[in-house]
Amino acid sequence: MIVLLLGLGLLAAIAVNTSDANIGETPVLSFGFFGVLLGSICVITLGVMTTASEYGTGMIRTTLTACPDRARVLTAKAIVFFLLTFVITTVTTALVGALQTAMLDGEASTGDAWLRATVGVGLYIATLGLLSLAVGALIRHSAGAITIMIGVVLLPLVLAMFMFSESLSDLRQALFEYSIPSQLGAFYDSSVTGSGPSGWDPLWIMLGVTAVVLAGAYASLAKRDV
């Protein structure tokens with residue numbers, strides 16, 4: 001994930017810098033979007049495997065023997081994973097943003113723009129990883145849960161691109177606006193569409209969805225056999 005965030009962020013800045021393109025009012029921080037989007041796949045994979053991999057190996061029995069309180073086990077996994085992902089994402093995006101700003105001459109970013117492109121993105125990606133962790137606990141199969149989460153991230157945007165019928169225009173617009181790439185782009189003021197969630201709104205949406213799925217994961221873990 002770190003390699004993707006740093007590598008793609010710097011490659012984007014180098015490409016713009018060497019082309020002598022005038023980026024005008026384009027926010028410099030927005031060039032970090034591509035690395036974050038691809039890096040989120042790493043977070044999704046790790047989030048799923050944090051819970052689901054133990055079911056595949058049978059280690060979940062050892063874990064629950066050592067700590068019979070199932071809610072405590074899931075809470076511990078969620079806290080450690082969330083904090084780790086948040087810190088790594090925030091620090092890396094801040095580093096990428098600083099390097100891009102030093103390399104490119106563009107519109108100066110305000111304090112709120114910096115906060116959203118670093119702390120905001122860190123919170124969003126960490127929450128997305130937490131959603132993956134909850135899906136892994138529900139599905140209990142690494143490959144299946146990873147496939148579901150990649151579909152959640154990419155499928156709405158891909159489907160919207162191929163909805164040419166006028167009767168589906170409202171659905172197409174909603175898929176564009178609420179797809180995860182578009183919501184992630186909102187933190188950089190460069191969403192797929194000019195409408196839809198903006199500012200910090202995508203974070204509240206992701207927190208709400210994650211809270212519901214995580215509650216389901218707790219209920220499932222408490223009722224189902226290992």
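Residues numbered from 1 in each chain as written. Predicted model: local features only at pLDDT ≥ 70, side-chain atom pairs only at ≥ 80, totals over all residues. Heavy atoms only, no water.

Visitor: Break down the environment of Leu74 for me, with residues and values.
Guide: Here Leu74 shows up in helix α4 (residues 70-103). Spatially, the C-alpha atom of Leu74 lies 32 Å from that of Glu177, the residues being 103 residues apart in sequence. In this structure, Leu74 is in contact with Thr51, Leu133, Ala137, Ala217, Tyr218 and Leu221, ignoring residues within four places of it in sequence. (Helix = DSSP H or I, 4+ residues; strand = E, 2+ residues; numbered from the N terminus. Contact = heavy atoms within 4.5 Å.)

Visitor: Quick one: what's the story with the confidence of the model for the protein, residue by residue and with numbers?
Guide: Counting all residues, the mean pLDDT for the protein is 85, and 91% of those residues have values of 70 or more. By mean pLDDT, the top-scoring element of the protein is helix α9 (residues 201-223) (91), and the lowest-scoring one is helix α7 (residues 169-178) (83). (pLDDT = per-residue confidence, 0-100.)

Visitor: Run through the pattern of salt bridges, naming residues and quoting values.
Guide: Where charged atoms from two side chains of opposite charge approach closely, those side chains can pair. In this structure the tally under the stated criterion is one salt bridge. Notably, a salt bridge pairs Glu54 with Lys77, separated by 2.6 Å at the nearest N-O pair. Of this pair, Glu54 sits in helix α2 (residues 33-57) while Lys77 sits in helix α4, and the two are 23 residues apart along the sequence. We note that Glu54, like Lys77, is buried. (Salt bridge = Lys/Arg side-chain N within 4 Å of Asp/Glu carboxyl O. Buried < 20%, exposed > 50% of the residue type's maximum accessible area, 1.4 Å probe, protein only.)

Visitor: So what about the packing of aromatic side chains? Which residues, and what values?
Guide: Overall, the coordinates contain five aromatic pairs when judged by the stated rule. Measuring from centroid to centroid gives 5.5 Å for Phe33 and Phe34, while their planes differ by 75°, and the two rings are edge-to-face. Site record: aromatic cluster; members linked through ring pairs are Phe33, Phe34 and Tyr188. (Phe/Tyr/Trp six-rings, centres within 6.5 Å; stacked < 30°, edge-to-face > 60°.)

Visitor: How would you summarise the packing of α2 against α4 if you had to cite specific residues and measurements?
Guide: Where α2 contacts α4, the two axes come as close as 11 Å, and the packing angle between them is 165°. Compared by their axis directions, α2 and α4 come out roughly antiparallel. Every pair of crossing elements has a handedness; the one defined by α2 and α4 is right-handed. Here Val36, Val43, Leu46, Gly47, Thr50, Thr51 and Glu54 of α2 lie close against α4, whose contacting residues are Leu74, Lys77, Phe81, Thr85 and Thr93. Looking at side-chain class alone, the contact of α2 with α4 contains five nonpolar, five polar and two charged residues. (Axes fitted to C-alpha atoms, helices over the stretch in contact; angles between N-to-C directions. Parallel < 35°, antiparallel > 145°, perpendicular 65-115°, else oblique. Left-handed = near helix turned anticlockwise from the far one by under 90°. Nonpolar A, V, L, I, M, F, W, Y, C, P; charged D, E, K, R; others polar.)

Visitor: A description of a nonpolar patch on the surface should follow, citing residues and the corresponding values.
Guide: A cluster of nonpolar side chains, namely Leu154, Leu155, Val158, Leu159, Met161, Phe162 and Phe164, defines an oily patch on the protein surface of about 730 Å² accessible area. Relative to the elements of secondary structure, Val158 occurs in helix α6 (residues 142-161). (Patch = residues over 30% accessible without salt bridge, like charges linked within 9 Å, V, L, I, M, F, W, Y side chains within 5 Å. Areas by Shrake-Rupley, 256 points an atom, 1.4 Å probe, with all protein chains shown as cover.)

Visitor: Describe the side chain of Thr85, with residues and values.
Guide: Mapped onto the fold, Thr85 is located in helix α4. The class of Thr85 is buried, set by a relative accessible area of 6%. Setting aside chain neighbours within four positions, we find Thr85 in contact with Val43, Ile125 and Ala126.

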